[in-house]
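A structural walkthrough
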Amino acid sequence: MSEKPEHFIVDGKRLDGRRVDELRPIKIEIGVLGRADGSCYLEWGNNKVLAAVYGPRELHPRHRQKMTRSVVQFRYNMASFSVDERTRPGPSRRSIEISKVSREAFEPVVFTKFFPKTAIDVFVEILQAGAGTRTAGINAASLALADAGIPMRGLVSACAVGKVDGEIVLDLMKEEDNYGEADLPVAMTAGRQITLLQMDGHLTTEEFYRALELAKTGCDQVYELQRQALIEKYSKEYTTEIEDEDPAPAGEPEGDADE
Ligand code: CDP
């Protein structure tokens with residue numbers, strides 16, 4: 001693990017040169033897995049995350065089926081090689097907790113009532129971890145769900161805020177996450193309905209509300225990047241589909257000859 005830095009903010013700049021209200025760079029690619037119904041690869045700072053969605057599909061074992069709705073299942077998994085100190089493969093207390101809160105982050109937005117007796121399975125694989133993997137996983141899962149065509153009220157966008165050197169900062173990097181005074185991951189809908197809110201560390205009430213406001217601006221920026229990625233993917237696909245259509249044979253009128 002890296003050493004605790006003496007200062008996190010020098011001359012208004014953080015260790016990686018960002019302002020206190022600046023996100024790390026985000027790169028998004030949608031539809032990267034051929035066998036999944038929806039998928040997304042997302043890089044955020046040093047995080048590299050893959051999300052895959054399968055379903056709606058019949059839920060097994062059948063006694064877990066809900067007669068009036070679909071069951072959303074979420075598995076967050078950290079690859080052993082994703083961190084400096086190799087993690088044990090398989091579920092841990094941490095991954096079970098993150099899977100639970102991530103699933104709950106989508107509960108208010110997915111129209112589960114459309115698909116009784118089914119499961120909608122979301123898998124998030126952390127390939128490289130660098131602070132904020134749960135929020136990165138939620139952002140990727142949100143796009144994978146959209147890519148799978150799962151009806152939703154809207155996208156869910158997430159980011160963390162925290163406190164270092166007594167200042168509230170947006171989108172913690174590794175050192176800030178490990179040695180900072182507070183870490184507050186937040187997920188919300190485009191309408192700013194909060195669907196995940198956790199906190200580690202200490203904040204005064206005033207700092208908490210200030211941090212929450214900063215998180216909202218961060219989620220708005222993430223939402224815009226998610227929206228752009230979807231537009232880019234689907235406008236490209238739509239254009240290709242039109243180009244692929246066979247042109248009418250030369251000299252023949254378009255439409256049905258019997259008309
Ligand atoms: O990743 P996130 O911030 O959502 O969750 P965390 O539990 O606060 O973990 C913070 C960071 O610690 C992760 O992003 C990883 O970079 C690192 N970590 C690690 O190195 N080894 C672990 N077993 C778990 C986390």
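Everything that follows concerns the structure shown earlier in this document.
About the thresholds
- Residues numbered from 1 in each chain as written.
- Predicted model: local features only at pLDDT ≥ 70, side-chain atom pairs only at ≥ 80, totals over all residues.
- Heavy atoms only, no water.
- 1 Å grid on protein atoms, 1.4 Å probe; cavity = no way out; pocket = protein on both sides within 12 Å on 5 of 7 lines; lining within 4 Å.
- Points joined across faces, edges and corners; volume = space filled by probe spheres on them.
- Helix = DSSP H or I, 4+ residues; strand = E, 2+ residues; numbered from the N terminus.
- Phe/Tyr/Trp six-rings, centres within 6.5 Å; stacked < 30°, edge-to-face > 60°.
- Buried < 20%, exposed > 50% of the residue type's maximum accessible area, 1.4 Å probe, protein only.
- Lys NZ or Arg CZ within 6 Å of the ring centre and 35° of its normal.

Attention now moves to the layout of surface pockets. Taken as a whole, the largest pocket spans an internal volume of roughly 980 Å³. Along the walls of the largest pocket sit 35 residues, with M78, V83, R94, D177 and N178 positioned nearest its centre. When residues of the lining of the largest pocket are traced back to their parent elements, those giving at least two are α1 (93-106), α2 (133-147), α3 (174-179) and β10 (182-189). Taken as a whole, the second largest pocket holds about 230 Å³ of empty space. What lines the second largest pocket is a set of 11 residues, and nearest its centre among them are I28, E29, I30, A229 and E232.

Attention now goes to the packing of aromatic side chains. Centre-to-centre distance and the angle between the planes together describe a pair of aromatic rings. For the structure shown, the criterion picks out 5 aromatic pairs. When the ring of F74 is compared with that of F106, the centres are 6.2 Å apart and the planes differ by 20 degrees; the resulting orientation is stacked. Remark: F106 occurs in helix α1 and F74 occurs in strand β6 (residues 71-78); sequence separation between them is 32 residues. Seen from their ring centres, F114 and F115 are 6.2 Å apart, and the 75 degrees between their planes marks the pair as edge-to-face. Classification of F114 as exposed rests on a relative accessible area of 52%. Take F115: its relative accessible area is 24%, and that puts it in the partly exposed class. Here the aromatic residues F111, F114 and F115 are joined through ring pairs into a cluster of three or more. Lying across the ring of Y234, K233 places its NZ or CZ 5.4 Å from the centre.

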